[in-house]
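Listed below, chain by chain, are the residues.
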Amino acid sequence: MRKIFIVALSLSSAALTYAQPTIPVTEQPNEVSPLVIVQDKRTPQSPLNSTNTTIITQEEIQKMPVRNVAEVLMNVAGVDVRSRNPFAQNDISLLGASFDQVLILIDGIPMRDPQTGHHQMNLPVDLSQVERIEVFKGSAARIYGAGALAGAINIVTKVPDSNTIQVLSTWGSNFEKDSLSGETYNSNVQQIAVGLVKGNWGHNIQIRRLYSNGYAFNTRTEQQAIFSNSHWTSNDKKASVQFINGYLNNSFDAKDFYASPWDENAFEQVQTFFSGINGKIEKEGWVIVPRGYFRYNDDHYIFIKENPSYYENNHFSNTAGIELHASHANPWGLWGVGVENRSDWIRSNNLGKHDRQFYSGYIEQRFNQWNQWKMIIGLNVQFSNMSHPMNNSSNGIKYYPAIDIQHNKGNGTLFGHVGSGSRLPTYTDWFYSGMGNLGNASLLPENAITAESGYQYKWQGLFVQASYFYRKVQNQIDYVKDSNSGNYVASNLNTCQFTGSELALKWNNRVKSNGFYVSNVSLRNTILSNDIQFEGVSSRYVNEHLSNQTVFQLGLSAGNHVQQQYIVRRIQRMNQSAPVVVIDIRTQYQNENWTVFADVSNLTDENYRLSGFVTMPGRYFNLGVQYTLK
């Protein structure tokens, strides 16, 4: 059956490549200059410190063989997605970082998960609501404070601008059967999104349901999500307010997630709700940006789903914060100042009751009046206070200085970045006690210095970038195996040094054609090595980093109705003897109202893992149709 499906898909793809165009093709480059205009936490249109930043646009996402934000990020070199199930749980690492050293944001609202860090990607936002994804690789503590030690990923949602109704339905399967139930493994998604605009107000509302009975034993997933995004803009465009709200109920089987091989019948349900408000006021040369947010997370873990009383965890955590940012032009460029107050707290049958308070402020100067030179100098100062008396070492004042500089000449740009950052342990790192894993109440915060330099060249549709990075982490937190008990215990590694290089080549075809043509080609490679001064131990995460990652992407078009995208990922981890090559394909027909697509993921049916002992899906087929009424 699968062979017949592949042949049919290939034949239909070949036939479709000769369709005639009706919609113009536009170039969508996804790399940007080191100091570019993207959305950061200061103002919606201010220059973000973006050394080695990648922007994935809405148009690019629509052509990729992907189903969620995590799968988009899998195709960005330097981003390591530690997936335990593409639908259920995904941890994000950047250039050798741990998953909790990278901050995930939605429209600048942080998705911090103080409980464990594993639930930052429990996001209710579907790709249809995403305008772009900004991936910033480098120390982002000057911008976002603690928790952004190695970078930040900001998911920018669409601004409501029209009255629309959008309906999406997908179906997927690997055509294999569950040996116990006899059911064929499959997945399906139903989604409806409505856009409403009236006067100065615009609203987007999305409701989504996903069900999958898995792709192998005990890999079932079920999700219900709702997301709303409302904007108000004044008549003179000098004031605006955004309200965003999201809820995701994510239920999934958790075989091999945390305590393999004993957890083959584990189950987990994670419910996440967040609400945020973004404002912007322009007056007399000032740009003032207030922000407030709240995030609630309920994590219920059952070790044996048929017998919950044997062992289960119930964790309830909250994060809330308010921010105020202001910037003003001066003779040298732009200076900014801001303050933030946030807190998090947890109530758990395993981790106990704890809370933390954070107060921070920053000041920066952006120099952009020096002919071919540009520079940003900034300092973030943070004070933290933890309720637990054993963690006084985590309290006190932290300083996060950073400097970014670039020199432009012709089509080339030389850039550099040096910055510091830190990360506090999660409540799980400190207090967890369970099968195979133990927390450590004496853990110290991680501290790091990151440096990067590189060169970028752009000419018409061609983009070339090469860079080298270095990160030194003191007291890196990892789980180290205890030789006596066999448990993995949260520990501070003495010093970890990460070095590596990145190379990116991309070409976008600017010549449009009514027939068959190559629309885009790209090749990105990241090489990483580490030096850990902690001999004679077995760690859980540090030695699982990607040591070599290559992503090749080829886009083919027939006119403007039909596109094909081929993505080839070659990945090798530090604890792997041989690399793995994964090939994904999407064939898509699109006009003003309809989008019909067919995906094949893992075309060659590779057996591979992205995290721990969890095996990723083999060859998987996915069909979808989307209708948009304006």
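Residues numbered from 1 in each chain as written. Predicted model: local features only at pLDDT ≥ 70, side-chain atom pairs only at ≥ 80, totals over all residues. Heavy atoms only, no water.

## Here's the deal with the confidence of the model for the chain
No. 1: For the chain, per-residue confidence averages 86 on the pLDDT scale, and residues scoring 70 or more make up 89% of the total.
No. 2: Taken together, the stretch residues 1–30 has pLDDT below 50 and engages in 66 contacts with residues farther than four places along the chain or on a different chain.
No. 3: Segment residues 32–49 is flagged for pLDDT under 50; beyond a separation of four residues in sequence, or across chains, it makes 76 contacts in the model. (pLDDT = per-residue confidence, 0-100. Contact = heavy atoms within 4.5 Å.)

## Here's the deal with the nonpolar core
Proteins that are soluble and globular tend to have nonpolar side chains buried together.
No. 1: The biggest cluster of nonpolar side chains holds 84 residues, and the ones touching the most others in it are Leu 73, Ile 104 and Ile 133.
No. 2: Beyond its immediate stretch of four places on either side in the chain, Leu 73 contacts Val 79, Val 81, Ile 92, Met 121, Ile 133, Val 135 and Ile 153.
No. 3: The next biggest cluster of nonpolar side chains, apart from the first, holds eight residues, and it includes Phe 136, Ala 140, Tyr 144 and Ala 152. (Core = buried A, V, L, I, M, F, W, Y, C linked by side-chain atoms within 4.5 Å. Buried < 20%, exposed > 50% of the residue type's maximum accessible area, 1.4 Å probe, protein only.)

## With respect to the pairing of strand S22 (residues 412–423)
No. 1: Summarising burial for S22: 10 of the 12 residues are buried, a large majority.
No. 2: As judged from the eight bridges shared by strand S21 (residues 396–409) and S22, these two strands associate in the antiparallel manner. Bridge assignment links Ile 405 to a residue of S22, and that residue is Gly 416.
No. 3: Counted along the chain from S21 to the antiparallel partner S22, the turn is two residues long, and its residue Gly 410 has a positive phi close to 65°.
No. 4: Relative to strand S25 (residues 446–459), S22 runs antiparallel, the two being bridged by 12 bridges. (Helix = DSSP H or I, 4+ residues; strand = E, 2+ residues; numbered from the N terminus. Pairing = 2+ DSSP bridges.)

## Brief notes about the pattern of salt bridges
No. 1: One pass over the full model with this rule turns up 23 salt bridges.
No. 2: Measuring nitrogen to oxygen at the nearest pair gives 3.1 Å for the salt bridge that ties Glu 502 to Lys 137. Of this pair, Glu 502 sits in strand S27 (residues 488–508) while Lys 137 is found in strand S8 (residues 130–137), placing the two residues 365 residues apart along the sequence.
No. 3: Using a relative accessible area of 9% as the deciding quantity, one classes Glu 502 as buried.
No. 4: With relative accessibility at 3%, the residue Lys 137 sits in the buried group.
No. 5: In this structure, Asp 599 and Arg 586 form a salt bridge, with 2.7 Å as the shortest nitrogen-oxygen distance. You can see Asp 599 sitting in strand S32 (residues 594–601) and its partner Arg 586 sitting in strand S31 (residues 580–590), a full 13 residues away along the chain. Accessibility assignment for this pair places Asp 599 and Arg 586 in one class, buried.
No. 6: Among the ionic contacts, a cluster of salt bridges with common partners joins Asp 100, Arg 423, Asp 429 and Glu 446. (Salt bridge = Lys/Arg side-chain N within 4 Å of Asp/Glu carboxyl O.)

## Section: the environment of Ala 141
No. 1: Inspection of the secondary structure puts Ala 141 in helix H4 (residues 141–144).
No. 2: With 240 residues separating them in the primary sequence, Ala 141 and Val 381 have C-alpha atoms 9.6 Å apart.
No. 3: Once residues lying within four places of it in the same chain are set aside, the contact partners of Ala 141 are Ala 148, Asn 380, Tyr 400, Ser 420 and Gly 421.

## Brief notes about the sheet that holds strand S7 (residues 109–110)
No. 1: On the basis of which strands lie adjacent, the open sheet formed by five strands has the order S3-S8-S9-S6-S7 and mixed pairing. The open sheet has two edge strands with one neighbour each: strand S3 (53–57) and S7.
No. 2: Looking at chain direction, S8 and strand S9 (residues 151–157) are connected through seven bridges and run antiparallel. Paired with Ile 133 across the bridge in S9 is Ile 155.

## Points about the packing of aromatic side chains
No. 1: With the rule as written, the count across this model stands at 13 aromatic pairs.
No. 2: Plain terms: the ring middles of Phe 367 and Trp 370 are 4.8 Å apart, the flat faces sit at 25° to each other, and that makes the pair stacked.
No. 3: For Trp 370, a relative accessible area of 37% translates into the label partly exposed.
No. 4: Taken together, the aromatic side chains of Phe 252, Phe 257, Tyr 258 and Tyr 301 make up a single cluster linked through ring pairs.
No. 5: A cation sits over an aromatic face here: Arg 342 above Phe 358, 4.0 Å from the ring centre.
No. 6: Here Arg 586 stacks its cationic end above the ring of Phe 597, 4.0 Å away from the centre of that ring. (Phe/Tyr/Trp six-rings, centres within 6.5 Å; stacked < 30°, edge-to-face > 60°. Lys NZ or Arg CZ within 6 Å of the ring centre and 35° of its normal.)

## Here we look at unusual backbone geometry
No. 1: Even without glycine at this site, Gln 460 takes up a positive phi of about 50°.
No. 2: Here Gln 460 lies in the loop between S25 and strand S26 (462–481).
No. 3: Phi is positive for Asn 475, which is not a glycine, with a value near 65°.
No. 4: Take Asn 475: it is sitting in strand S26.

## Some details on the pairing of strand S28 (residues 516–532)
One face of the sheet, then the other: side chains in a regular strand alternate in exactly this way.
No. 1: Looking at chain direction, S27 and S28 are connected through 13 bridges and run antiparallel. Bridge pairing links Trp 507 to Val 521 in S28.
No. 2: Pairing geometry for S28 and strand S29 (residues 546–558), over 11 bridges, is antiparallel. Each residue of the ladder has a partner; that of Leu 523, found in S29, is Phe 552.

## Description of the side chain of Thr 550
No. 1: Mapped onto the secondary structure, Thr 550 falls in strand S29.
No. 2: Given a relative accessible area of 18%, Thr 550 falls into the buried group.
No. 3: Here the side chain of Thr 550 touches Asn 525 through a polar contact of 2.7 Å, side chain to side chain.
No. 4: Setting aside chain neighbours within four positions, we find Thr 550 in contact with Leu 523, Arg 524, Asn 525, Val 568, Arg 569 and Arg 570. (Polar contact = N/O pair within 3.5 Å; in protein donor to acceptor, adjacent residues only side chain to side chain.)

## Concerning a nonpolar patch on the surface
No. 1: On the surface, Ile 165, Val 167, Ile 192, Ile 205, Ile 207, Ile 226 and Leu 629 cluster together to form a nonpolar patch covering roughly 540 Å² of accessible area.
No. 2: Val 167 sits in the partly exposed class, given a relative accessible area of 39%. (Patch = residues over 30% accessible without salt bridge, like charges linked within 9 Å, V, L, I, M, F, W, Y side chains within 5 Å. Areas by Shrake-Rupley, 256 points an atom, 1.4 Å probe, with all protein chains shown as cover.)

## Section: the environment of Val 337
No. 1: Relative to the helices and strands, Val 337 resides in strand S18 (residues 333–348).
No. 2: Exposure remark for Val 337: the relative accessible area of 31% places this residue in the partly exposed category.
No. 3: Measuring from C-alpha to C-alpha, the distance between Val 337 and Leu 379 comes to 9.8 Å, with 42 residues separating the pair along the chain.
No. 4: Among all residues touching Val 337, those that are not within four sequence positions of it are Leu 324, His 325, Ala 326, Tyr 362 and Ile 363.

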